[in-house]
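# Per-entry structural report
These are the residues of each chain, in order.
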Amino acid sequence: MEKMWSGRFSKGASSLLDEFNASVMFDRELYIEDIEGSIAHATMLKSVGILTSSELEQIINGLDEIKKEIEDGAFEWRLSDEDLHMAIEKRLTDKIGQAGKKLHTARSRNDQVAVDFRRFVLRQNKEIKELVLDLMQTTLDIASKHTDTLLPGMTHLQHAQPVNFAFHLGAYLSMFKRDIARFEDSYTRNNISPLGCAALAGTPHKIDREQTAKLLGFDGVSLNCLDTVSDRDFALEILFNISTLMMHISRLCEELVLWSSYEFGFIELSDEYSTGSSIMPQKKNPDVPELVRGKTGRVYGALIGLLTVMKGLPLAYNKDTQEDKEGVFDAVKTVKISLIILTQAIKTMTVKKDNMQAACKKGHLSATDLADYLVEECGIAFREAHFITGKAVARCEELGIDLSDISYDELYAIDNRIKKDVIKYLAIDHSMNARDSQGGTSTNQTKQQLKYFKDYLNRSQI
Ligand code: ARG
């Protein structure tokens, strides 16, 4: 098969090279961007007098037909065409002849791939954002029902202080909102057109880059052609942003796995989103959150992979750069399916409120409240208050009870400065609601946080 660049060669490429060099089997994912980019380029070429109206019409019709062939599965992808850009251009020329051969005027595959891949990544920024908004909405819906549901807040995975479940979910809502901001920010920064940079240095043809930028929905054109054909920051940014998002949902998934164990028993995943064991008939396994947690690894791999590809490249385009795409395609698919299934898994899970509350009766969650009481109400210095509380906890351990259930007499025996009203400070719900400082867990503060996310989602979903 004759190559489009075969003019200076006297021998054909080996089939081994064809296989090694080709990107067509994966970069065809960019066919829409490539065809739209070519139509915009041709439209501009016509308006600056490089193409006639009839040539433009033939090109547009030819590309529309090719698009349909690809979508119908009728397009013949050949390794020997090397990449999607040449496969489409070759097919166009086979269809319309001379006019097809003019399409590549004032363009190189270097700016062509830069524009296609950039637009693909920009589109993904938006699509991923929409899926995160869905996850936020589902999380908020659950949280709204649980502003009074107590569960142990933990540090070091040990019982620390009581919180409510909505507050716990609110932590994830905060992370997801920042994740969205990163996708938005990256979109805005990178929404500039590489088209017209040609191979590396621009072109002597009197092109109109602003026009193609506008036709393709960019906010403007890039400043320096050498940078533009070399730069893959936009791809690195989406990989970092996806990695951070996956890290956040992986932490939630880790909690879902823990919470669905018998030891916690805080949630039960629905049958639709749980799996069984081939040998142990009783098993109900949380494969969905486990897989999301596991898939985070391949996304990080894609980020590190591309950073490594880029780090030693001299300006401008090098074929190494062709390695930019598969990791991004995989990361994008991985995060999208992960977000969709995680949203469904949490939408359909059962929250076992009673087990959460019962767990608050273990671990003396109100110990800090007793120390704070001794400081506030009895005028005892904090260090001494801490010691007295430690004594009270030790007594509870002896009695086999939780600090929230200790009697006044027991406390009085430990320190006679303690007054009767202490008992109300030791109740778990009192402890949670006492944390009413800004951003705290009290039901009052939590409701304000949820209102903030509700307003945010209302604004974002317009
Ligand atoms: N398939 C190539 C890529 O994905 C397109 C650009 C090729 N440019 C070149 N000068 N060989 O990077």
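Since we're looking at a predicted model, the values are computed, not measured. (Residues numbered from 1 in each chain as written. Predicted model: local features only at pLDDT ≥ 70, side-chain atom pairs only at ≥ 80, totals over all residues. Heavy atoms only, no water.)

### A word on the overall build of the chain
Scanning the chain from N- to C-terminus turns up 20 helices and 6 strands. Taking all 462 residues of the chain together, 50% fall into the buried category. Split by element, the accessible area of the chain, about 22,500 Å² in all, is 53% carbon and sulfur. Where the 57 positive side-chain charges of the chain centre and where its 68 negative ones centre are 2 Å apart. (Helix = DSSP H or I, 4+ residues; strand = E, 2+ residues; numbered from the N terminus. Buried < 20%, exposed > 50% of the residue type's maximum accessible area, 1.4 Å probe, protein only. Areas by Shrake-Rupley, 256 points an atom, 1.4 Å probe, with all protein chains shown as cover. Lys, Arg positive; Asp, Glu negative; His and termini not counted. Charge placed at Lys NZ, Arg CZ, Asp CG, Glu CD.)

### Quick look at the site of the ligand
Residues in contact with the ligand, as listed here, are Ser23, Asp27, Asp83, His85, Arg109, Asn110, Val113, Tyr317, Gln322 and Lys325. Asp83 is positioned such that a nitrogen or oxygen atom in its side chain is 3.0 Å from a nitrogen atom of the ligand. In the model, an oxygen atom of the ligand is placed 2.6 Å from a nitrogen or oxygen of the Lys325 side chain. Considering the ligand on its own, with 340 Å² of exposed area, one finds that the protein chains cover 87% of that surface. Here the element with the most residues in the shell around the ligand is helix H7 (residues 109-144); it accounts for 3 residues. Of the residues in the shell around the ligand, the class split is 2 nonpolar, 4 polar and 4 charged. (Near = heavy atom within 4 Å. Polar contact = N/O pair within 3.5 Å; in protein donor to acceptor, adjacent residues only side chain to side chain. Nonpolar A, V, L, I, M, F, W, Y, C, P; charged D, E, K, R; others polar.)

### Thoughts on the pairing of strand S2 (residues 158-164)
Note: strand S1 (residues 150-155) against S2, 6 bridges, orientation antiparallel. Paired with Thr155 across the two strands is Gln158, which belongs to S2. Remark: 2 residues form the turn of the hairpin made by S1 and S2, two consecutive strands paired antiparallel; His156 in that turn has positive phi of roughly 55 degrees. (Pairing = 2+ DSSP bridges.)

### Description of helix H3 (residues 31-47)
Here H3 is 17 residues long and its end C-alpha atoms lie 24 Å apart, about the 24 Å a rise of 1.5 Å per residue gives. Taking burial as the measure, the 17 residues of H3 include 12 buried ones, the bulk of the element. Here H3 has its buried residues at Tyr31, Glu33, Asp34, Ile35, Gly37, Ser38, Ile39, Ala40, His41, Ala42, Met44 and Leu45. Those residues of H3 that are buried lie in contact with helix H2 (24-27), helix H4 (53-71), helix H5 (84-96), helix H6 (98-102), H7 and helix H9 (209-215). Directly after H3, the chain includes Gly49, whose backbone phi takes a positive value near 90 degrees. (Expected span 1.5 Å × (residues − 1). Contact = heavy atoms within 4.5 Å.)

### Description of the state of the cysteines
Linking two cysteines covalently via their sulfur atoms produces the bond known as a disulfide. Under the definition given, this model contains 0 disulfides. Distance from the sulfur of Cys360, which forms no disulfide, to the nearest cysteine sulfur (Cys396) is 16 Å. Note on Cys378: no disulfide assigned, nearest cysteine sulfur contributed by Cys396 at a separation of 17 Å. Cys378 gets classed as buried once you look at its relative accessible area, which sits at 17%. (Disulfide = S-S within 2.5 Å.)

### Comments concerning the packing of H7 against helix H13 (residues 325-347)
Direction vectors running N to C along H7 and H13 enclose 15 degrees, while the axes themselves pass 10 Å from each other. When the axis of H7 is compared with that of H13, the two are roughly parallel. The interaxial crossing formed by H7 with H13 has left-handed handedness. Split by residue class, the contact of H7 with H13 holds 17 nonpolar, 4 polar and 5 charged. (Axes fitted to C-alpha atoms, helices over the stretch in contact; angles between N-to-C directions. Parallel < 35°, antiparallel > 145°, perpendicular 65-115°, else oblique. Left-handed = near helix turned anticlockwise from the far one by under 90°.)

These results come straight from atomic positions and should not be treated as a statement about function.
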